[in-house]
Amino acid sequence: MEKLIIELKTEIIKVLNLEDITIEDIGNDDPLFGDGLGLDSIDALELIVLMEKDYGIKLKDANQGRDIFKSILTMAEYISKNRTI
Amino acid sequence: MFIYLKSNNIISPLGFSTEENFTSVKSGKTGVKYYASDTLGVSENFCASIIDNELLDSKFSLISEKKLPKFEKMAILSVFNATKNTSVKLSDKKTLFILSTTKGNIEYLKENKSNSDNSEVFLGYSAKIIAEFFGNTNEPLVISNACISGLTAAITAKRLLKTGNYDNIVVVGADVVTKFVVSGFQSFKALSEQTCKPFDAQRSGLNIGEAAATAIFSAVKTEKELAPGTIILENEAITNDANHISGPSRTGAGLFLGLDKILKNGDNEISFINAHGTATPYNDEMEAIAFTGAGLENVPTNSFKAYFGHTLGAAGILELIMSAVSLQNNLLIKSLGYEKNGVSKPLNIITKTQEKTLNSCIKTVSGFGGCNAVGLLKKIPD
Amino acid sequence: MDLSVIKYCQIKNNACFLNGENIFQSSEEKTADKSLVELYRSRKIKYPKFFKMDKLAKTGFLAVDILLENTELYGTEPKYNTGIFLLNSSASLDTDEVYLETIGDNYFPSPSVFVYTLPNIVMGEISIRHKFFGENIFFVSSKKNNFAFYDYVNQAFIDNQMKYAIVGWVDYYRQKSDALVMLIKKQDKETELKFEKNTILNLYK
């Protein structure tokens, strides 16, 4: 899990162009949206692409992302349960 | 000065003239069809309104033997059809072409490898091909303002005519359905796999459509010079939400500002509103809030998106023409796809095509980049 | 109506000029997009969203941000009547080419790239940054001195009773950034720099 969490943080910083943010800046429980990392609706869509590209998980409905993308931890838990690659 | 619609044309799967399109819409026909994902090489199936290539080629071959991309053929044929029965001299120095499009010839885009040449995909290149086809040598203007391009182009035509430097302005709006655009909207989870349902409780996204539409605008000094039934662009506004580059404003602030501006002056008797009504959850909700805020919630309202799909750069001009013809025919057009209210501020959605004396209407569009445009059309009374 | 240019800012490849004066120069070897980031840092702007923008938006955003420094338009006070009218030749073609790569054999269409395949997004970014609720239009033309563009700006000034407008050329294609933006207003004095049909070309360095 710890490996997956670091992998996720690194990838999120890269694909969402979070310049000036390092993996140490992102807490496992920090909210990704709103006051936390301040991600927005386009970032959420980009995370859906990331899920499919890196882990073979297809989310058809953008609303599904709401619970999954709460924090790095919720994302990692969902991925480890549902990944196909 | 009064800016009026001198002539027009619509090319879509519903017909190659405005009359054909209007007749189809009156009878409730839609150009939207279901396509399997491999039609365009995208990952999911989709619904779209696509012009038959063979039919277009056969119509185009009647006016020219030139080999051109679909985008330019559609645009040229539309301008040609719009000028069939008019005295507008397209090659005149005081005639200007405005092309309204989001993506033009994008289907021919090549990847940027070893200096591949994409010069044919430049919008200015397409605009020149279209203007030069008609012998016009003025540098054409292209407007690429996302989904508000068409109405913005009409507003631009009005402003340019007011300078007195032009006699006629030919606004042609066009876009084609491509893998580029469909894949992009799919990545936004914005496309519906069914025919779209604007303002409905079950709406689940939009359909992309292809069309070319031409509106030729001209100016007169006094209203008396215009024949009864002529449509004028009475008032207009363009605004920005200053909020988000893709999501419509939750408060409808930008669209409200535009509506407020055009309703401030003049008499406010509005016969109907032709909304943007894309059938995405957020767009329609935003419009409902803005219309209600402007006190327009009881005005009969429709969206043409379930007939034509969202025709992107053509949408504003196509829907302006359809609204103008509705006014002229005193016909409120049913908002296809609507059954049950699906927005937080219920609107007076037109559920049945019906005759009614119509005098003026509002056309609205909103798009990526937070942009909104609003136009007030008025009919010269009998 | 006569209009005059209050200020102008140019970004060309690795240099930036304010009112004709060179205020930034990055090394020749730097690519244009890296040089845009260097310019951003050199102005001490704090706006993380900058890094999410495509190169056209970065170019326009920076040119306008530098243009508006020390003016009443800078900042988040809502402004309802400032027009933004931009022109370029390549529309969003640079990002179109980037997006195309995401829908090739390795098919994963990117929404954050797709949204920038519309040239007017740069005006959305500028409007969000400085809270411009007024009119904005993105024009495309193969020529910098498109006369209809000039006519439009003039008439929009009259019709909207605008106090200011931000106008100019903002382009980015294949590692070449090229922007010249101007802040214009109604002319007060004849000695002011006049906004005319050829002004964009004439101010070019």
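Residues numbered from 1 in each chain as written. Chains lettered and ligands numbered in written order. Predicted model: local features only at pLDDT ≥ 70, side-chain atom pairs only at ≥ 80, totals over all residues. Heavy atoms only, no water.

K.L.:
I keep staring at the pairing of strand β15 (residues 360-367) of chain B and nothing clicks. Help me out?
P.N.:
For a regular strand, side chains alternate in direction, first toward one face of the sheet and then toward the other. Residues and elements named next belong to chain B. Where burial is concerned, most of β15 is hidden: 8 out of the 8 residues are buried. Burial along β15 is two-sided: the residues S360, I362, T364 and S366 and C361, K363, V365 and G367 are all buried. Of the strand pairs in this sheet, strand β10 (residues 272-274) and β15 are connected by 3 bridges, and their pairing is parallel. Residue pairing in the sheet places N274 in a bridge with K363 of β15. With 8 bridges connecting them, β15 and strand β16 (residues 371-379) associate as antiparallel partners. Within β16, the residue paired with G367 across the bridge is C371. Here β15 folds back onto β16, and the loop between the two strands holds 3 residues, one of which, G369, carries a positive phi near 90°. (Buried < 20%, exposed > 50% of the residue type's maximum accessible area, 1.4 Å probe, protein only. Helix = DSSP H or I, 4+ residues; strand = E, 2+ residues; numbered from the N terminus. Pairing = 2+ DSSP bridges.)

K.L.:
Looking at this structure, I do not really get the interface of chain C and chain B. What am I missing?
P.N.:
How big an interface is tends to be stated in terms of accessible area lost as the parts join. Opposite the 54 residues of chain C that make contact, chain B presents 59 residues. Here chain C and chain B share 5 salt bridges between them. Among the ionic pairs, D159 of chain C bridges to R159 of chain B, the shortest N-O distance being 2.8 Å. Applying the counting criterion to the chain C and chain B interface returns 30 residue pairs in polar contact (both at pLDDT 80 or more). Looking at the side of chain C that touches chain B, the elements with two or more residues in it are α3 (93-102), α4 (111-114), α5 (121-130), β5 (136-140) and α6 (147-159) of chain C. In terms of residue count, the dominant contributor to the side of chain C that touches chain B is α6 of chain C (8 residues). (Contact = heavy atoms within 4.5 Å. Salt bridge = Lys/Arg side-chain N within 4 Å of Asp/Glu carboxyl O. Polar contact = N/O pair within 3.5 Å; in protein donor to acceptor, adjacent residues only side chain to side chain.)

K.L.:
Whenever I open this one, the nonpolar core confuses me. Can you help?
P.N.:
Nonpolar side chains tend toward joint burial in soluble globular proteins. Counting residues in each nonpolar core, the largest one holds 212 residues, and the members touching the most others are M75 of chain A, I98 and F217 of chain B together with F85, M182 and I184 of chain C. It is helix α2 (residues 55-68) of chain C that contributes the most residues to this core, 9 residues altogether. Here this core gathers at least three residues from each of two domains, domain 1 (2-220) and domain 2 (229-379) of chain B. Residues in contact with F217 of chain B, not counting those within four places in the same chain, are I3, Y4, L5, A154, A157, L161, D167, N168, I169, V171, I317 and L320 of chain B. Counting 23 residues, the second largest nonpolar core, distinct from the first, contains L255, V343, I362 and L376 of chain B. (Core = buried A, V, L, I, M, F, W, Y, C linked by side-chain atoms within 4.5 Å. Domains from an automatic or database assignment.)

K.L.:
Explain the packing of aromatic side chains to me, please; I cannot follow it from the model alone.
P.N.:
Given two aromatic rings, their pairing is described by the distance between the two centres and the angle made by the two planes. Under the criterion given, the structure shown has 23 aromatic pairs over all chains. Ring centres of F97 of chain B and F134 of chain B lie 6.0 Å apart, and the angle between their planes is 15°; this geometry places the pair in the stacked category. Note that F97 of chain B is positioned in strand β4 (residues 95-100) and F134 of chain B in the loop between α4 (123-133) and β5 (141-143), a separation of 37 residues in sequence. Here F97 of chain B matches F134 of chain B in class, with each residue buried. Ring geometry for Y47 of chain C and F61 of chain C: centres 5.2 Å apart, planes at 20°, overall stacked. Of this pair, Y47 of chain C sits in the loop between α1 (32-42) and α2 while F61 of chain C sits in helix α2, and the two are 14 residues apart along the sequence. By relative accessible area, which is 1% here, F61 of chain C ends up buried. Each member of the aromatic cluster is reached from another via a ring pair, and the members are F180, F185, F188 and F368 of chain B together with Y99 and F114 of chain C. (Phe/Tyr/Trp six-rings, centres within 6.5 Å; stacked < 30°, edge-to-face > 60°.)

K.L.:
Can you walk me through the interface of chain B and chain A in this structure?
P.N.:
Across the boundary between the two partners, chain B contributes 10 residues, which contact 10 residues of chain A. Across the interface of chain B and chain A, roughly 730 Å² is buried in total on both sides, 57% from carbon and sulfur atoms. Among the residues chain B hides against chain A, the three largest losses belong to F188, K189 and H244 of chain B. Together they make up 55% of the total. Across the chain B-chain A interface, the total number found is 0 salt bridges. Our count for the chain B to chain A interface comes out at 2 residue pairs in polar contact (both at pLDDT 80 or more). (Buried area = accessible area lost by both parts, 1.4 Å probe.)

K.L.:
It is not clear to me how the sheet that holds strand β7 (residues 208-209) of chain B should be interpreted in this structure. Could you clarify?
P.N.:
The strands making up a sheet associate through backbone hydrogen bonding, with each pair oriented either parallel or antiparallel. All names here are of chain B. Here 3 strands make up an open sheet; going across it, the order is β2-β3-β7 and the pairing mixed. Every interior strand has two partners, whereas the edge strands, β2 (32-35) and β7, have only one. Bridge count between β2 and strand β3 (residues 46-49): 4 bridges; the pairing is antiparallel. When the sheet's bridge partners are listed, Y34 is paired in β3 with C47.

K.L.:
I'm lost on the domain arrangement of chain B in this one. Help?
P.N.:
Residues and elements named next belong to chain B. For chain B, the assigned domains read domain 1 (2-220) and domain 2 (229-379). For domain 1 versus domain 2, the distance between C-alpha centres works out to 20 Å. Taken together, the contacts link 63 residues of domain 1 with 64 residues of domain 2. Between domain 1 and domain 2, the buried area comes to about 5000 Å², and carbon and sulfur atoms account for 73% of it. Sorting the residues of domain 1 by area buried against domain 2 places F22, L151 and F199 first, and these three jointly supply 17% of that buried surface. Seen at the junction of domain 1 and domain 2, the total is 4 salt bridges. Linking domain 1 with domain 2 are 24 residue pairs in polar contact (both at pLDDT 80 or more), by the criterion used here. Elements with a contribution of two residues or more to the side of domain 1 that touches domain 2: β1 (2-11), α1 (18-26), α5 (149-162), β6 (168-175), α6 (179-187), β7 and β8 (211-220). Considering each element in turn, the side of domain 1 that touches domain 2 owes the most residues, 8 residues, to α5. Split by residue class, the side of domain 1 that touches domain 2 holds 31 nonpolar, 23 polar and 9 charged. (Nonpolar A, V, L, I, M, F, W, Y, C, P; charged D, E, K, R; others polar.)

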